[in-house]
Amino acid sequence: MARPQPPPWVHAAVLLCLLGLGGAIEIPMDLSQPPTITKQSVKDHIVDPRDNILIECEAKGNPAPSFHWTRNSRFFNVAKDPRVSMRRRSGTLVIDFRSGGRPEEYEGEYQCFARNKFGTALSNRIRLQVSKSPLWPKENLDPVVVQEGAPLTLQCNPPPGLPSPVIFWMSSSMEPITQDKRVSQGHNGDLYFSNVMVQDMQTDYSCNARFHFTHTIQQKNPFTLKVLTNHPYNDSSLRNHPDMYSARGVSERTPSFMYPQGTASSQMVLRGMDLLLECIASGVPTPDIAWYKKGGDLPSDKAKFENFNKALRITSVSEEDSGEYFCLASNKMGSIRHTISVRVKAAPYWLDEPKNLILAPGEDGRLVCRANGNPKPTVQWMVNGEPLQSAPPNPNREVAGDTIIFRDTQISSRAVYQCNTSNEHGYLLANAFVSVLDVPPRMMSPRNQLIRVILYNRTRLDCPFFGSPIPTLRWFKNGQGSNLDGGNYHVYENGSLEIKMIRKEDQGIYTCVATNILGKAENQVRLEVKDPTRIFRMPEDQIVKRGTTVQLECRVKHDPSLKLTVSWLKDDQPLYIGNRMKKEDDSLTIFGVAERDQGSYTCVASTELDQDLAKAYLTVLGRPDRPRDLELTDLAERSVRLTWIPGDDNNSPITDYVVQFEEDQFQPGVWHDHSKFPGSVNSAVLQLSPYVNYQFRVIAVNEVGSSHPSLPSERYRTSGAPPESNPSDVKGEGTRKNNMEITWTPMNATSAFGPNLRYIVKWRRKETRETWNNATVWGSRYVVGQTPVYVPYEIRVQAENDFGKGPEPDTVIGYSGEDLPSAPRRFRVRQPNLQTINLEWDHPEHPNGILTGYSLRYLPFNGTKLGKQMVENFSPNQTKFTVQRADPVSRYRFTLSARTQVGSGEAVTEESPAAPNEAYTNSQPDVVTQGWFIGLMCAVALLVLTLLIVCFIKRSRGGKYPVREKKDVPLGPEDPKEEDGSFDYSDEDNKPLQGSQTSLDGTIKQQESDDSLVDYGEGGEGQFNEDGSFIGQYTVKKDKEETEGNESSEATSPVNAIYSLA
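Residues numbered from 1 in each chain as written. Predicted model: local features only at pLDDT ≥ 70, side-chain atom pairs only at ≥ 80, totals over all residues. Heavy atoms only, no water.

Draft legend 1. Geometry of unusual backbone geometry. Of the consecutive residues Leu162 and Pro163, the connecting peptide bond is found in the cis state with omega at -5°. Within the element layout of this structure, Pro163 appears in the loop between strand E13 (152–154) and strand E14 (166–170). For the peptide bond that leads from Ser468 to Pro469, omega is 5°, which places it in the cis range. Position of Pro469 relative to the elements: it lies in the loop between strand E41 (465–468) and strand E42 (472–477). (Helix = DSSP H or I, 4+ residues; strand = E, 2+ residues; numbered from the N terminus.)

Pasting the structure below:
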């Protein structure tokens, strides 16, 4: 943030004080006065021939002056020429060509005379010229034949125009001619070649002249070049050779000057004009130009170099710029110098220009006319346009060189005096009148003005007045009698009152009183003091990244009685508030900052009296500009030096340069990264590969991002060589069970090293003494057919081009195609307890490839009922698995297969072993429908009935019948078993028949089979032994309606007993 110093306070008092502080004394127009020239044309007046001619001359005076003209120092009778008229109340000449006529007929030197009864005023001598834009003469230009390396000058020689035309060179197709330190245009319009190159033949050369007034361009017939050379232009290796000229057969030469000729010259320039010195040299290599001044330094504030240092311009020269300057042209072969002696002359310029003189009768005065120049100008006085020597004598007037002295002036002394000072380079003419008046004081400004000023500021109160003799002026405040002068006040000679620092107490009414011997006049000014406008929170310098949002603050304090306006400037120009900007009373917000937003932002807070400024600089960090002017030098077989000119870093330092290359054989148009360099370098040696037609470009990188790529360099092709490496990532894999596909990553352009890149592919079965099979391949794959299933092969791939073979390749092991594996071996199912089942297996005998895993499918089943199938996938190393049973009854069926990438192979199936009580359950569906089984069941039922009847008879006799026998049949897990192995029988009421099967985990479950003995009305549980015999057991249910307390119960009917078995 910065506040401009000093702030440009603007208020009405300053504007008023400008009146009468400088310049000639102004006589009120209602008073008699001699003529004064107020407007005139320039001395060298060039006009457009297509327009009417206007020669200006205006003057004031009382009475109003009349006008007449001279042409070429002779009276010009306007009334006699119908084309010429004079504007009303003006001396301006108008020459009208609408009705015909040639403007050239009116060329010449014109002078205007303005006259009234008090004198005559003169204009400058105006030289009228008509603009000219002649055509180029027709000419046939033969081709220019030149040896490569020789200097050449193509002369323009434009036709003389008025004013001189602007010269520029283009081709006949209107393409600008590229200029550099080797080829450039001189100040005289000629085109200079320090040395001709063969590429200069690619275009023709036409000089063009643009004329200012007619806005036309004249084109000269084009030059055609024919350059004799020893090498063709398209030989890029020679064109970019570090010793390019000698490589192309061009002899190197020391510099010599093409312009100016010789070793010394001189030049004259007028004071105040620009000095342009020029040195153009030939030579091989192209010379560099440097400038010096003998005995001192070049004026750094005025000197600047142009045209690739071939021209030195010094602006607005003065006498101290004379001296000897020399230019030094040098190349590696030597150097020469040319000395230019500069002489500064000067047309006359004013030291003391004469001013109007107003005197009262009897007063003394003087007119002074002092001028300087080189050579020293002469001074000539005239009165009313006539030489002073031929004017009537005036005893009150005395001429003393450059001064005229008047004593005891009388009314008769009124006249207009002219001072003409001249030398060979020009002249100056000034008018100054002598007026003799008797006028009492009068005020020239409106009465009772209101002046508002800013607190603590310096201001002036002006009180324009006139009188003759010149009145004296005094100031008073608020009617007080003391004169205001001294301290904080200062009164100037013209009567203006300056208040050095305005304070609040300075507010009030100020009176100015003008007095001379003829009377007095007064005027009043009311002064109001206002608080200054101040920016108390200023915008601050900011550094932001592109695309972000930035806010610039500007908070203002001002006098509430004044209207405040806040505006913004960018780079000192009014800021256009677009869609991306938002202006508020106290801030400016920029959304999505772009590079074009960078610059200085000035907040301008202004009222009608003053303003305050605060400036901040917004720095936008952007991606760098692209590098430019890539050049290849130091060309070698395997390296080259790349040089570039960095682009603008856009306020974020360049950290890296990325060099990329493109080649036109393998991947034309595709750019690859070559190398990376620090941001501090702009030249690097690049290592190159054989047989690559390189083209380079450079990308600059900073913290914001990467630049656009530079324009590509010229191409450079390296020579070929045998490959130094072989393709990478060689693999052998089968795509079918009877083949092997050999693949590799092909080599790129930088590793091919030569044309016709191909690959020698070799293979043989591993661990055999077979000879190598081989094939030559131009792609990146080869398929070997009729191979055994999944056997290892030794593989080699070697690169070869037309220059030879690459190094011996490494041997890679590959495999032919895979097939489905055989079944896993020794699949074992074990059941250590009722909760788990353990599975184990061995790998297949014939994997036929790389095993990718195992797949296990299993499902529970119970008789004909099947459960949900489940699938498990195992890694190729896993050969065990444990299944957690869902229930202890169901069995499981397991199917296991191995996998390769081809798929799952042959499967093996096993079932879990049966539980001890599962045999009968599983066999029921097979025997219950057989005839023999039905007969057997009937016999068993009859036997049971008989036993029940016997038991009933026994119980009816009043005794308990303990039934406990030792049997030789095996016991089921559900039988109550005492420690001695016997069964207990109990006839307790409500005890169910033991007819439910006990599961492996000891819980009692009803048989799930629909074909059990229960369906046949039989109770209990049965099993078949291995010999097919049936073993059963039963219990008798006690009648629930037995009488309490009766020792012998009522006999239970056989039917009830049978039902109790159900």
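Now that the structure has been shown, we can carry on.
Draft legend 2. Quick peek at the environment of Ser251. The residue Ser251 is located in the loop between helix H3 (244–247) and strand E20 (253–259) in this model. A relative accessible area of 57% means that Ser251 is categorised as exposed. Sequence separation of Ser251 and Ala150 is 101 residues, and the distance between their C-alpha atoms is 9.3 Å. (Buried < 20%, exposed > 50% of the residue type's maximum accessible area, 1.4 Å probe, protein only.)

Draft legend 3. Up close: the sheet that holds strand E72 (residues 825–830). Taken together, the 3 strands give an open sheet; going across it, the order is E72-E73-E77, and neighbouring strands pair in antiparallel fashion. Because the sheet does not close on itself, it has two edges, and the strands there are E72 and strand E77 (880–884). Mean inter-strand twist for the sheet, computed between neighbouring axes without regard to direction, equals 15°. Strand direction decides the pairing type here: strand E73 (residues 836–842) and E77, joined by 5 bridges, are antiparallel. Bridge assignment links Thr836 to a residue of E77, and that residue is Gln884. (Pairing = 2+ DSSP bridges. Axes fitted to C-alpha atoms, helices over the stretch in contact; angles between N-to-C directions.)

Draft legend 4. Inspection of the state of the cysteines at higher detail. Within the structure shown, the criterion is met by 6 disulfides. Between the sulfur atoms of Cys369 and its disulfide partner Cys419 the distance amounts to 1.7 Å. Judged by the sign of its S-S torsion, about -70°, the bond between Cys369 and Cys419 is left-handed. Of this pair, Cys369 sits in the loop between strand E30 (365–368) and strand E31 (370–374) while Cys419 sits in strand E36 (residues 415–423), placing them 50 residues apart in sequence. Accessibility assignment for this pair places Cys369 and Cys419 in one class, buried. Each disulfide pairs two cysteine sulfurs, and for Cys463 the partner residue is Cys512, the sulfurs being separated by 1.9 Å. In this structure the cystine formed by Cys463 and Cys512 twists about its S-S bond by roughly 60°; its chirality is therefore right-handed. (Disulfide = S-S within 2.5 Å.)

Draft legend 5. Here's a closer look at the packing of aromatic side chains. Going through the model one piece at a time under the given rule, you end up with 20 aromatic pairs. On the basis of an interplanar angle of 75° and a centroid distance of 5.7 Å, the ring pair of Phe97 and Tyr106 is categorised as edge-to-face. For the residue pair Phe97 and Tyr106, the accessibility class agrees, reading buried in each case. Residues Tyr694 and Phe696 carry aromatic rings whose centres are separated by 5.3 Å and whose planes lie at 10° to one another, so their mutual orientation is stacked. (Phe/Tyr/Trp six-rings, centres within 6.5 Å; stacked < 30°, edge-to-face > 60°.)

Draft legend 6. Main features of the sheet that holds strand E65 (residues 739–745). Taken together, 3 strands build an open sheet; the order of strands is E64-E65-E68 and the sheet is antiparallel. Both edges of this open sheet fall to strand E64 (728–733) and strand E68 (781–785), since each of them pairs with a single strand only. Across the sheet, the mean angle from the axis of one strand to that of its neighbour is 10°, orientation sign disregarded. Taken together, the 5 bridges between E65 and E68 define a ladder with antiparallel strand orientation. If you follow Thr743 over to E68, its bridge partner there is Arg781.

Draft legend 7. Quick peek at the side chain of Asp81. Take Asp81: it is sitting in the loop between strand E6 (74–76) and strand E7 (84–86). Of the buried charged residues, Asp81 lacks a salt bridge, with Arg83 as the closest side chain of opposite charge at 4.6 Å. A distance of 3.0 Å separates a polar atom in the side chain of Asp81 from the backbone nitrogen of Arg83. Among the polar contacts listed, one links the side chain of Asp81 to the side chain of Tyr106, at a separation of 2.8 Å. (Lys, Arg positive; Asp, Glu negative; His and termini not counted. Salt bridge = Lys/Arg side-chain N within 4 Å of Asp/Glu carboxyl O. Polar contact = N/O pair within 3.5 Å; in protein donor to acceptor, adjacent residues only side chain to side chain.)

Draft legend 8. Structural detail: the pairing of strand E74 (residues 853–862). Burial runs high along E74: 9 of the 10 residues are buried. Note: E74 against strand E78 (residues 891–899), 9 bridges, orientation antiparallel. Counterpart to Arg857 in the pairing with E78 is Thr895. Across 5 bridges, E74 lies against strand E76 (residues 870–874) in antiparallel orientation. Pairing of Ser855 across the sheet is with Asn873, part of E76. Looking at chain direction, E74 and strand E75 (residues 865–866) are connected through 2 bridges and run antiparallel. Within E75, the residue paired with Asn862 across the bridge is Lys865. From the end of E74 to the start of E75, which pair antiparallel, there are 2 residues, and Gly863 there has a positive phi angle of about 70°.

Draft legend 9. Region of the structure containing the pattern of salt bridges. In total, this model carries 51 salt bridges according to the counting rule given. Notably, a salt bridge pairs Asp30 with Arg442, separated by 2.9 Å at the nearest N-O pair. Taken together, the residues Asp30 in the loop between helix H1 (12–17) and strand E1 (33–40) and Arg442 in strand E38 (residues 439–443) connect sequence positions 412 residues apart. By relative accessible area, which is 26% here, Arg442 ends up partly exposed. The partner of Glu252 in a salt bridge is Lys332, and the shortest N-O contact between them spans 3.1 Å. Linking Glu252 in the loop between H3 and E20 with Lys332 in the loop between strand E27 (323–331) and strand E28 (334–352), this pair joins segments that are 80 residues apart in sequence.

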